[in-house]
Amino acid sequence: MAEEESHSLIPPEGDPKVGEKVFEVLGRIVADKIRLGLHDRWMRNYRLRRNLHFKSRPEIGKPLVSANLLYTHGQRTVNTMTDNDPTFNVAAVGQIADQDKEQLADLQRCTEHWWRDQEQQDVFESSVINGEQYGIAIEKVVFNPDLEYGLGEVETIPVDPFHFGWYPVKLTSARDLQKSEALCHYYPVPVRSLKARH
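So, here is what we can say about the structure in this document. (Residues numbered from 1 in each chain as written. Predicted model: local features only at pLDDT ≥ 70, side-chain atom pairs only at ≥ 80, totals over all residues. Heavy atoms only, no water.)

### Some remarks on the overall build of the chain
Which entries qualify depends on this criterion: What counts as a helix is a DSSP run of H or I of at least four residues, what counts as a strand is a run of E of at least two, and both are numbered from the N terminus. Exposure categories follow from relative accessible area, calculated using a 1.4 Å probe and restricted to protein chains: below 20% of the type maximum is buried, above 50% is exposed, and the middle band is partly exposed. The contact rule is simple, with two residues in contact once any of their heavy atoms fall within 4.5 Å. Here the accessible surface of atoms and residues is derived via Shrake-Rupley with a 1.4 Å probe, and residues count as covered only by protein chains that are part of the display.
Tallying secondary structure elements over the chain gives seven helices and four strands in all. When the helices and strands of the chain are placed in sequence order, the string is α-α-α-α-α-α-β-β-β-β-α. Taken over 198 residues, the chain has a buried fraction of 22%. The long-range share in the chain, meaning contacts at least 24 apart out of those at least 6 apart in sequence, stands at 43%. For the chain, the exposed area adds up to about 15,200 Å²; of that, 55% sits on carbon and sulfur atoms.

Shown next, in the form of structure tokens:
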């Protein structure tokens, strides 16, 4: 049993040390982002976008007036990048049977349905805003069985970079994420909602 646990990052469900290990991994992720200065940089970017350039209050009779050009520029960039719907093209290469042509047409319809009916334009806009504000855009794609009246559907969730991390933290580039042992999307939830689950 001990040998089996040594190969797992998190103990199996029901193990009394699951919570302790999860918070240990989360603590390392958050501490590493703070060590790299990411939290401070992202908070500074957030304040600049909200036109909170100055940390101190102005002196009486000397207002600190500034035009919020960063917000305006960011909003124009987002509008430009998200103005048009993407074009989905499925092309056949070489000779294909009629049945395969119908499958290609189904694939074309599925991509268009996913973009339009699952409101991916709004998700894309949120991701572009995060990218402009924080310098990184993260999207989590999962199957949500509660969507489409209980039939289920793929859902794209824009993730705030404050609520995302990887383990082990020694990876030097986000391009190496596939080499990590775990990708974590964490966020605060009310204790009351957790109690309601049990």
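### Thoughts on the packing of helix 2 (residues 18-35) against helix 3 (residues 38-49)
Definition in use: Axes, fitted as lines to C-alpha atoms, cover a helix only where it is in contact. Angles between the N-to-C directions of the axes lie from 0 to 180 degrees. For classification, angles of less than 35 degrees are called roughly parallel, those exceeding 145 degrees roughly antiparallel, those between 65 and 115 degrees roughly perpendicular, and all remaining angles oblique. In the scheme used here, Gly and all other residues not listed as nonpolar or charged are polar, with Ala, Val, Leu, Ile, Met, Phe, Trp, Tyr, Cys and Pro taken as nonpolar and Asp, Glu, Lys and Arg as charged.
One can describe the packing of helix 2 onto helix 3 by two numbers: an axis separation of 5 Å at closest approach and a directional angle of 65°. Judged on the interaxial angle alone, helix 3 and helix 2 are roughly perpendicular. Here V30, K33 and I34 of helix 2 come into contact with helix 3, specifically with L38, H39 and W42. The residue inventory of the contact of helix 2 with helix 3, partitioned by class, reads four nonpolar, one polar and one charged.

### Looking at the packing of aromatic side chains
Geometrically, a pair of aromatic rings is defined through the distance of the ring centres and the angle of the planes. Rules: A pair of Phe, Tyr and Trp rings is counted when the ring centres sit within 6.5 Å of each other, with Trp represented by its six-membered ring. The angle between the planes then sorts it: under 30 degrees is stacked, over 60 is edge-to-face, the rest tilted.
Per the counting criterion, the structure on display carries five aromatic pairs. Ring plane angle 90° and centroid distance 5.9 Å describe the contact between Y134 and F162, whose orientation is recorded as edge-to-face. Remark: F162 occurs in the loop between strand 2 (153-159) and strand 3 (164-167) and Y134 occurs in helix 6 (residues 120-134); sequence separation between them is 28 residues. Owing to a relative accessible area of 9%, Y134 belongs among the buried residues under this scheme. Between F164 and W166 the ring centres are 6.3 Å apart and the planes differ by 65°, which places this aromatic pair in the edge-to-face class. You can call W166 partly exposed: its relative accessible area is 21%.

### Quick look at the nonpolar core
Across soluble globular proteins, nonpolar side chains have a tendency to be buried as a group. Put simply, the rule reads: Only buried residues count toward a nonpolar core. Its members are Ala, Val, Leu, Ile, Met, Phe, Trp, Tyr and Cys residues joined through side-chain atoms within 4.5 Å.
If you look at the biggest cluster of nonpolar residues, it comprises seven residues: L9, V25, I29, Y167, A182, C184 and Y186. Only helix 2 and strand 4 (182-185) provide two or more residues apiece to this core. Residues in contact with C184, not counting those within four places in the same chain, are I29, H163, F164 and G165.

### Things to note about helix 2
The condition is simple: In this analysis, the expected span of each helix is defined as 1.5 Å times one less than the number of residues it contains. Comment: arc refers to directions from the helix axis out to C-beta atoms.
The end-to-end C-alpha distance of helix 2, which contains 18 residues, comes to 26 Å, matching closely the 26 Å that a straight helix rising 1.5 Å per residue would cover. Residues V25, I29, D32 and K33 constitute the buried set of helix 2. Along the long axis of helix 2, the arc covered by the buried residues comes to 105°, so they all point the same way. For helix 2, the exposed residues set more than 90 degrees away from the buried face come down to E20, F23 and R35. Buried-residue contacts for helix 2 involve helix 3, strand 3 and strand 4. G37 sits one or two residues past helix 2 and shows a positive phi near 80°.

### Side note on a nonpolar patch on the surface
For the record, the criterion: Patch members must show over 30% relative accessible area and no salt bridge, and they are joined within 9 Å when carrying like charges or within 5 Å when they are nonpolar side chains of Val, Leu, Ile, Met, Phe, Trp or Tyr. Salt bridges, as used here, are contacts in which a Lys or Arg side-chain nitrogen is within 4 Å of a carboxyl oxygen on Asp or Glu.
Together, V141, F143 and V154 make up an exposed nonpolar region whose accessible area comes to about 280 Å². As for its position among the elements, F143 is in strand 1 (residues 138-144).

### Remarks on the pattern of salt bridges
Tallying each qualifying case throughout the model produces seven salt bridges. Note that D106 is salt-bridged to R109, the shortest N-O span being 2.3 Å. Here D106 and its partner R109 are both found in helix 5 (residues 98-117), three residues apart, which amounts to about one turn of the helix. The residue D176 makes a salt bridge to K179 at a minimum N-O spacing of 3.7 Å. Among the residues examined, D176 registers a relative accessible area of 22% and is labelled partly exposed. Judged by relative accessible area, which is 64%, K179 ranks as exposed.

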